[in-house]
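Geometric and topological summary
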Amino acid sequence: MNRTLRRVAVVALALVVAAGVAVPAAHASIPERTDAVPSPAIDPGFPIVTNGPGFFLPPQFVDFDLDGKTDIIAVDNLGTIYAVGAGGQSLGGWPHSLGEPLCGPPVVGDLDMDGNLDLVLVTKSGVVRAYRSNGSLSFAPKLLPGTPIGAPVLAELDNSGRLAILQATTDGKLYAIDSQGQFVAGWPVTGPGPAVGGAFTFLAGDNFPRVGYLASPGGAAIFLKSGAPDTQYSYNPGVPLGPAMPVSGARMVSVLSDIDHLYLAARGGQLYRFDPGVIGMGGSPTQLTSVAGDSIVDTPGMVDLNGDLVPELALRSLRGDTLSITVVDGQAGTPLVGFPRRYVQSAPGGTIVAADLGDGATPELIFNQGGDRVTCISSNGTLQWTLTGLPAVAGPAIGDLDGDGALDLAVATTDGRIVAYTLGNSGIGPRGVEWPNSDGLADHGRRHHLRDRASVRAQWPPTVAPASAFTTRPVFGDLNGDGLPEAIWSDYTSGKTFAWNRASGVAPGWPQTYANGGVNDAPAVGDVTGDGIFESVQSTSTGYLVWGDRNGSLGSLLVDSGKILTPPALADIDADGTLDVVVGSSSGRLYAVNLKSKTVIPGFPVTTAGNIALPPALGDVNGDGLTNIVVVANLRYIYAYGRTGGAPLAGWPRQFPAGSSLTQPILVPVAGNAGLAVAFGQ
């Protein structure tokens, strides 16, 4: 693959060839890799020399001023806060001096839903402050009664969309401060013992946040957002914990993709995974393969190296002065091939960060090797580069500092410098940063993610009647032509279709009732009658197509009497300038219908090998520039037809073994193919 790499001026950069030693104790595997990883180059305007006492906390990449470029936030050991953008330029209103160290890294989020980010910091004396991006205070400083430990975290406790600040104290309490700087009623809560680690938060199996801290005795003390102890999630492994914090990230299992699996690393190298499906059924966390003989004192990073959408744990562990880098498969619980990698003369050095830097599809790992070195290795442990002259005790951070599409690396050193490097790959589009570790820490702080900025509007959730309604999948579509989408649901029982807009609730002209059987699944939206107004189009359980628009005009057409039709797909099949409707039927027939004339298009229906239960996919699969129709029949055959119907395209259908259960097909571009490829699950 040819790529244009833009290089900035290179100043003294040492590339050290000495690699860590591989120890062949792994079991899980990943694909072979031949990535070309560019060498780092100093960013213009860096390093920034502060002449301060040095940095002992990791830098963070955050788009603080919301200009589309990430900024570097770094706090030195006397509490001076630096906010730096492209070219090493300080943001307006910065730096700020607090005059004392922080108890942990700051956190960033929109506390009060004003659309702007707030920077939250807690000093070792227990003063909680929040700053806006211009350097002004978000609320008056708040003093905690106890001695804080670890970083604060942000979580929504009251269903308002506003974020509360959670801070653990050494006496085993967890304090909550609201977006206005006031203590939250019902807090602090007291755990089973003194804190040995700071606060953490994650999304549990019910999709609501949990908060907790590490206690000794007591283990991981976890609470509901009401402050009540969560006895199912709380867990005492019976081994020492801290200072490494738990980390969490979405894990694709049992279709639960927007909840977190929590991972806990013990000081003695033991690893535990909290599975929502197991914990919710009264089970205990799953113990993964330990990092035997090592101490884990740095918070793990998360990265998907084997492409299964389950985060692996990237671990820094120590045995004496020997550093081990180990990647443990988050699903299987065993180390990946090529790990651990060991490096001598090392020390604690913060979280490992990960991003796709090379030509392959698998991320690289970047970490503080110890001494004055920051190192990058590939997913099989192969050395890519090492930077020297960077004495640091905290991990690096990754983000796009100047908005050029290339990732940048930030390191904050113990001699008071903020150093930024470009990692290449500019001009090819954004590169992936894993589970975002872009703030220099893993996900335990729920730091500035999109879901932090979501909130429920006053009219939501909307009322669907009757209360026993079975609603279909929702879709978005612009039903009233104002350029803004409506949310559209249907109810199988009543045959009603509901539409809500974001401003006032129920959209004019809805709900609509169709008296032609149950509506099985999501509608399609488009102009199918040629009048310039979008309709919502439904299929029913009795063989009808039904449709309606914002003016209340309804229509219906019997397509296959007494049969169940698939959800509709829309395309201009007969080239008359109006969208047509393509549906499959439980009879095994595939229809293309012109609703403007209320007729089946010539060449249709076509007959397949059996029941069509899944929506068809529409697109050009043979590269002739015309629309084709792809459909699954009898769950084991895939057909492709031209727009004129009749016989299948050459090479189709494709047949799969008896007992197969194919999923809905989608059409995707693949390099080297003239037409779209058909993708599906089996």
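Keep in mind the model is a prediction, meaning the values are calculated, not measured. (Residues numbered from 1 in each chain as written. Predicted model: local features only at pLDDT ≥ 70, side-chain atom pairs only at ≥ 80, totals over all residues. Heavy atoms only, no water.)

With that out of the way, let us pick up the pattern of salt bridges. Under the counting rule described, the total for this entry stands at nine salt bridges. In this structure, Asp298 engages Arg316 in a salt bridge whose closest nitrogen and oxygen atoms are separated by 2.6 Å. Taken together, the positions of Asp298 in the loop between β22 (286-288) and β23 (301-303) and Arg316 in strand β24 (residues 312-319) put the pair 18 residues apart, joining distant regions of the chain. For Asp560, the salt bridge goes to Arg589, with nearest N and O atoms at 2.8 Å. Remark: Arg589 occurs in strand β45 (residues 589-594) and Asp560 occurs in the loop between β42 (554-558) and β43 (569-571); sequence separation between them is 29 residues. In this structure Asp560 comes out as buried when scored by relative accessible area, which is 5%. Arg589 sits in the partly exposed class, given a relative accessible area of 28%. (Salt bridge = Lys/Arg side-chain N within 4 Å of Asp/Glu carboxyl O. Helix = DSSP H or I, 4+ residues; strand = E, 2+ residues; numbered from the N terminus. Buried < 20%, exposed > 50% of the residue type's maximum accessible area, 1.4 Å probe, protein only.)

Glancing now at the sheet that holds strand β51 (residues 654-655). As summarised here, the arrangement of the four strands in space is β48-β49-β50-β51, forming an open sheet in which the pairing is antiparallel. Looking along the sheet, the strands with just one partner apiece sit at the ends: β48 (617-619) and β51. Pairing geometry for β48 and strand β49 (residues 628-633), over three bridges, is antiparallel. Pairing of Gly619 across the sheet is with Asn628, part of β49. (Pairing = 2+ DSSP bridges.)

Here the focus is the pairing of strand β21 (residues 271-274). Every second residue of β21 is oriented toward a common face, with Leu271 and Arg273 on one face and Tyr272 and Phe274 on the other, all of them buried. Where strand β20 (residues 260-265) meets β21, four bridges bridge the pair, whose relative direction is antiparallel. Residue pairing in the sheet places Leu262 in a bridge with Phe274 of β21.

Counting buried residues in strand β50 (residues 637-641) gives five out of five residues, a clear majority hidden from the surface. Going residue by residue along β50, you find Tyr637, Tyr639 and Tyr641 tucked away on one face and Ile638 and Ala640 tucked away on the opposite face as well. Note: β49 against β50, five bridges, orientation antiparallel. Residue Ile629 lies in a different strand from β50, and its bridge partner there is Tyr641. The hairpin formed by β49 and β50 contains three residues between the paired strands, and Asn634 there has a positive phi angle of roughly 55°. Sheet topology note: the β50/β51 ladder contains two bridges and is antiparallel. From the neighbouring strand, Tyr637 faces β51, where its bridge partner is Gln655.

To continue, consider the confidence of the model for the protein chain. Residues with a pLDDT of 70 or more make up 86% of the protein chain, whose mean pLDDT is 85. When the criterion is pLDDT under 50, residues 1-34 qualifies, and its contacts beyond four places in sequence or with other chains add up to 78 contacts. Below pLDDT 50 for its whole length, residues 436-454 participates in 81 contacts with residues either more than four positions away or in separate chains. (pLDDT = per-residue confidence, 0-100. Contact = heavy atoms within 4.5 Å.)

The next thing to look at is the layout of surface pockets. A water-sized probe rolled over the atoms picks out the places where empty space is left. What the largest pocket holds in volume is close to 640 Å³. Along the wall of the largest pocket there are 34 residues; nearest its centre are Phe56, Leu57, Pro58, Gly104 and Pro105. Here the lining of the largest pocket takes four residues from strand β16 (residues 195-203), the largest share from any one element. Considering only residue class, the lining of the largest pocket consists of 19 nonpolar, 12 polar and three charged. (1 Å grid on protein atoms, 1.4 Å probe; cavity = no way out; pocket = protein on both sides within 12 Å on 5 of 7 lines; lining within 4 Å. Points joined across faces, edges and corners; volume = space filled by probe spheres on them. Nonpolar A, V, L, I, M, F, W, Y, C, P; charged D, E, K, R; others polar.)

Attention now moves to the packing of aromatic side chains. Applying the stated criterion across every chain yields a total of 13 aromatic pairs. Arranged with centres 5.9 Å apart and planes meeting at 45°, the rings of Phe64 and Trp94 form a pair that is tilted. With Phe64 in the loop between β4 (60-62) and β5 (71-75) and Trp94 in the loop between β6 (80-84) and β7 (96-97), this pair connects stretches of sequence that are 30 residues apart. As far as the burial class goes, Phe64 and Trp94 line up, both buried. Ring centres of Trp489 and Trp500 lie 5.2 Å apart, and the angle between their planes is 70°; this geometry places the pair in the edge-to-face category. Placement of Trp489 in strand β35 (residues 486-491) and of Trp500 in strand β36 (residues 496-501) is noted, with a sequence separation of 11 residues between them. Each of the two residues, Trp489 as well as Trp500, counts as buried. Three or more aromatic residues link up through ring pairs in this structure, and these residues are Phe64, Trp94 and Tyr131. If you follow Arg654 out to its NZ or CZ, it ends over the ring of Trp652, 4.6 Å from the centre. (Phe/Tyr/Trp six-rings, centres within 6.5 Å; stacked < 30°, edge-to-face > 60°. Lys NZ or Arg CZ within 6 Å of the ring centre and 35° of its normal.)

It is worth spelling out empty space enclosed by the protein at this point. Taken as a whole and judged by the stated rule, the model has one cavity of 30 Å³ or more. Each pocket or cavity is described by its volume, and for the largest cavity that value is around 30 Å³. At the level of secondary structure, the elements contributing two or more residues to the lining of the largest cavity comprise β13 (164-169) and β14 (173-177). Class assignment for the residues of the lining of the largest cavity results in eight nonpolar, one polar and no charged.

For the rest of this paragraph, the subject is the nonpolar core. Residues Phe46, Ile72, Leu357, Ile366, Trp385, Leu409 and Ile418 are the most contacted members of the largest nonpolar core, which totals 33 residues. Within the residue set of this core, elements represented by two or more residues are β5, β6, β27 (353-355), β29 (373-377), β30 (383-387), β31 (397-399), β32 (408-412) and β33 (417-422). If we skip the residues at most four places from it in the chain, Ile418 touches Phe46, Pro47, Ile48, Phe55, Ile72, Ala74, Tyr82 and Val411. (Core = buried A, V, L, I, M, F, W, Y, C linked by side-chain atoms within 4.5 Å.)

Turning our attention to unusual backbone geometry. A cis amide bond links Trp510 to the next residue, Pro511, at an omega of 5°. With respect to the element layout, Pro511 can be found in the loop between β37 (505-506) and β38 (512-513). The omega torsion of the bond from Trp652 to Pro653 falls at 5°, within 30 degrees of zero and hence cis. Residue placement: Pro653 occurs in the loop between β50 and β51. Positive phi, close to 55°, is recorded for Leu66, a residue that is not glycine. Of note in the backbone geometry, Gln345 takes a positive phi value of approximately 55° without being a glycine. You can see Gln345 is positioned in the loop between β26 (341-343) and β27.

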